[in-house]
Amino acid sequence: MRTQPNIIVTGTPGVGKTTHCETLAQNTGLKHMAINDVVKSRECHDGWDKEFGCWIVDEDKLLDVIEDEVKQGGYIIDWHACEVFPKSWIDLVVVLRVDSTVLYDRLKARNYAENKLQENLDSEIMEVLLQEARDAYDEEIVVELRSDTAEEMENNIERIESWITNWKKNNAA
Ligand code: DAT
């Protein structure tokens, strides 16, 4: 039994995952697990995909590497994909959403290549990650939150923090 919840924060690149996770980790003491960093530093990949500028992830190795930690609870998992994590590990899935013109500006500011930028915009418009989350987890644990503005981000953080407080009350030993 976990005494602290595990939360996935997912969404298209540029939606605000890192910013949300860092603030949540600071405010709550839960640990921010950026899967991109884990994949890179613990070598859970089969090399770098030059066309899309990302690691080719070895999902089995990734799960093996993080299993012991995540099963203890208290992690905020930050990744643009979520279905790989077993249902039994996860208590809440937050899918951040953003307006496509806002996303365009954020990815442009990151100097994304045109093909990568377009692929991510399409993915956001088609709600790919929201659908992935809904397909992989029970609908009552999947929450869709807007992340267009700083005010929306503040509200999201408050909402997730109260969810964590309630989870802890309800799951106290
Ligand atoms: P991700 O980790 O999903 O790729 P990020 O946290 O790095 O996204 O955010 C991308 C950029 O957008 C970064 O400069 C911070 C900014 N940003 C994120 N969420 C925001 C929000 N709700 N309001 C304003 N700016 C935001």
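Residues numbered from 1 in each chain as written. Predicted model: local features only at pLDDT ≥ 70, side-chain atom pairs only at ≥ 80, totals over all residues.

Per an unreviewed UniProt entry, the protein chain goes by Adenylate kinase isoenzyme 6 homolog and derives from Cudoniella acicularis. The UniProt entry for the protein chain carries the following comment under Sequence similarities (unreviewed entry): "Belongs to the adenylate kinase family. AK6 subfamily." (UniProt positions renumbered as here; feature names shortened; annotations may be inferred.)

Colleague: Is there a simple way to think about the packing of helix H4 (residues 100-109) against helix H5 (residues 114-125) in this case?
Modeller: Two numbers describe a pair of packed helices, the interaxial angle and the distance between the axes. One way to put it is that H4 packs onto H5 with a least axis distance of 10 Å and a crossing angle of 155 degrees. Comparing the axis directions of H4 and H5 gives the class roughly antiparallel. Crossing hand, H4 versus H5: right-handed. Between H4, through Ser 100, Leu 103, Tyr 104, Leu 107 and Lys 108, and H5, the contact on the second element is made entirely by Leu 117, Asn 120, Leu 121, Glu 124 and Ile 125. The class makeup of the residues in the contact of H4 with H5 is 6 nonpolar, 2 polar and 2 charged. (Axes fitted to C-alpha atoms, helices over the stretch in contact; angles between N-to-C directions. Helix = DSSP H or I, 4+ residues; strand = E, 2+ residues; numbered from the N terminus. Parallel < 35°, antiparallel > 145°, perpendicular 65-115°, else oblique. Left-handed = near helix turned anticlockwise from the far one by under 90°. Contact = placed C-beta atoms within 7 Å. Nonpolar A, V, L, I, M, F, W, Y, C, P; charged D, E, K, R; others polar.)

Colleague: Help me out: how do you make sense of the nonpolar core in this one?
Modeller: As a rule of thumb, soluble globular proteins bury nonpolar side chains together. Counting 33 residues, the largest nonpolar core has Ile 8, Ile 76, Ile 77, Val 93 and Val 94 as its most contacted members. Tallying contributions element by element places strand S6 (residues 92-97) first for this core, with 4 residues. Those residues within four positions of Val 93 in sequence are excluded, and the remaining contacts are Ile 8, Thr 10, Cys 82, Ala 133, Tyr 137, Ile 141 and Val 142. (Core = buried A, V, L, I, M, F, W, Y, C linked by C-beta atoms within 7 Å. Buried ≥ 20, exposed ≤ 12 C-beta atoms within 10 Å, placed from the backbone.)

Colleague: Can you help me understand the site of the ligand in this one?
Modeller: Neighbouring the ligand are 14 residues; Gly 16, Lys 17, Thr 18, Thr 19 and Met 153 lie closest to it. Elements with a contribution of two residues or more to the shell around the ligand: helix H1 (17-28) and helix H7 (150-170). Grouping the amino acids of the shell around the ligand by side-chain chemistry returns 4 nonpolar, 7 polar and 3 charged. (Near = placed C-beta within 6 Å.)

Colleague: Could you clarify how one ought to interpret the pairing of strand S3 (residues 45-49) in this entry?
Modeller: Consecutive side chains along a regular strand alternate between the two faces of the sheet. By the criterion of burial, S3 is predominantly exposed, with just 0 of the 5 residues buried. Here 3 bridges tie S3 to strand S4 (residues 54-57), and the two strands are oriented antiparallel to one another. The partner of Trp 48 across the bridge, within S4, is Trp 55. (Pairing = 2+ DSSP bridges.)

Colleague: Got a minute to help me understand the confidence of the model for the protein chain in this structure?
Modeller: In low-pLDDT segments, the atomic positions of the prediction should not be examined closely. For the protein chain, per-residue confidence averages 96 on the pLDDT scale, and residues scoring 70 or more make up 99% of the total. In the model output, the complex is listed with pTM 0.96 alongside ipTM 0.98. (pLDDT = per-residue confidence, 0-100.)

Colleague: I would appreciate a short explanation of the UniProt feature "binding site: ATP" (unreviewed entry) in the protein chain in the present structure.
Modeller: Under the local residue numbering, the UniProt record ascribes the feature "binding site: ATP" (unreviewed entry) to Gly 14, Gly 16, Lys 17, Thr 18, Thr 19 and Arg 110. Here Gly 14 lies in the loop between strand S1 (7-10) and H1. Apart from the residues lying within four places of it in its own chain, the contact partners of Gly 14 are Leu 103, Arg 106, Leu 107, Arg 110 and Asn 120. Thr 18 gets classed as partly exposed once you count the C-beta atoms within 10 Å, which come to 15. Once residues lying within four places of it in the same chain are set aside, the contact partners of Thr 18 are Ala 34 and Asp 78.

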